[in-house]
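Listed here are the chains, written in short residue letters.
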Amino acid sequence: MTTASADKTTEKTNSAVTKAATGDGALVTKQGSTTIADAVVQKIAGLAAREVSGVHALGGGTARAFGALRERIPGASASASQGVSVEVGEKQAAVDLQVLVEYGVSIADLARSVRKNVINAIEQMTGLEVVEVNINVNDVHIPGDDDGEETSDRVQ
């Protein structure tokens, strides 16, 4: 590579970085900066993951159990960020998801769809670059095998 072409490549890279840092939706501008709390990114990621068909729930077994108890309390609901961990920097974010999938769904296809939906939602809403979305499938939901719907012949 010649010096002239190396300079052009560096110039294009620097230009792209400058455009990303100063473009629409930029979090740091001449007028001030915007910080986004981890909890905000967690909620966005959780809601985006739940939108994908084939995702039954988010969270590990314990988190889902607490969520089921919380849903039984009048006026309470499961947390939108259950099963979601994030690391948020000034310009980038990384997401870890704990997923319970529906039986019969292709896990590879589901992971691809969840990853795409989560990245699009976070980047569009926050302006952060999502560098990775790690998905841990920790269980498969089998229809009719709901722990929360135990039937009993006892009088209540």
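Here the structure is a predicted model, which is why all the values come from computation and not from measurement. (Residues numbered from 1 in each chain as written. Predicted model: local features only at pLDDT ≥ 70, side-chain atom pairs only at ≥ 80, totals over all residues. Heavy atoms only, no water.)

Trainee: What exactly am I supposed to notice about the packing of helix H2 (residues 38–50) against helix H4 (residues 107–126) here?
Mentor: A packed helix pair is summarised by two numbers, namely the angle formed by the two axes and the spacing between the axes. Axis separation between H2 and H4 bottoms out at 8 Å; the angle between their running directions is 140 degrees. Taken together, the axes of H2 and H4 are oblique relative to one another. Two packed elements cross with a definite hand, and for H2 against H4 that hand is right-handed. Residues Val-41, Ile-44, Ala-45, Ala-48 and Ala-49 of H2 touch H4, and the partners they reach there are Val-114, Asn-117, Val-118, Ala-121, Ile-122, Met-125 and Thr-126. Grouping the amino acids of the contact of H2 with H4 by side-chain chemistry returns 10 nonpolar, 2 polar and no charged. (Axes fitted to C-alpha atoms, helices over the stretch in contact; angles between N-to-C directions. Helix = DSSP H or I, 4+ residues; strand = E, 2+ residues; numbered from the N terminus. Parallel < 35°, antiparallel > 145°, perpendicular 65-115°, else oblique. Left-handed = near helix turned anticlockwise from the far one by under 90°. Contact = heavy atoms within 4.5 Å. Nonpolar A, V, L, I, M, F, W, Y, C, P; charged D, E, K, R; others polar.)

Trainee: Please clarify how the pairing of strand E5 (residues 92–102) should be interpreted in this entry.
Mentor: A regular strand carries its side chains on alternate faces of the sheet. Two elements, strand E3 (residues 55–58) and E5, share 3 bridges in a ladder whose sense is antiparallel. Pairing of Leu-58 across the sheet is with Val-99, part of E5. Counting the residues in the hairpin turn of strand E4 (residues 84–88) and E5 gives 3 residues. As defined by bridge partners, E5 adjoins strand E6 (residues 129–141) across 11 bridges and the pair is classed as parallel. Within E6, the residue paired with Ala-93 across the bridge is Val-130. (Pairing = 2+ DSSP bridges.)

Trainee: I keep staring at the pattern of salt bridges and nothing clicks. Help me out?
Mentor: Oppositely charged side chains can pair when the atoms bearing their charge come close. In total, this model carries 1 salt bridge according to the counting rule given. Close ionic contact of Arg-112 with Asp-109 constitutes a salt bridge, the shortest N to O distance being 2.8 Å. Here the residue Arg-112 and the residue Asp-109 both occupy positions in helix H4, the gap between them amounting to 3 residues, near one helical turn. Relative accessible area serves as the criterion here: at 51%, Arg-112 is assigned to the exposed category. (Salt bridge = Lys/Arg side-chain N within 4 Å of Asp/Glu carboxyl O. Buried < 20%, exposed > 50% of the residue type's maximum accessible area, 1.4 Å probe, protein only.)

On their own, these measurements won't tell you what the molecule is for.
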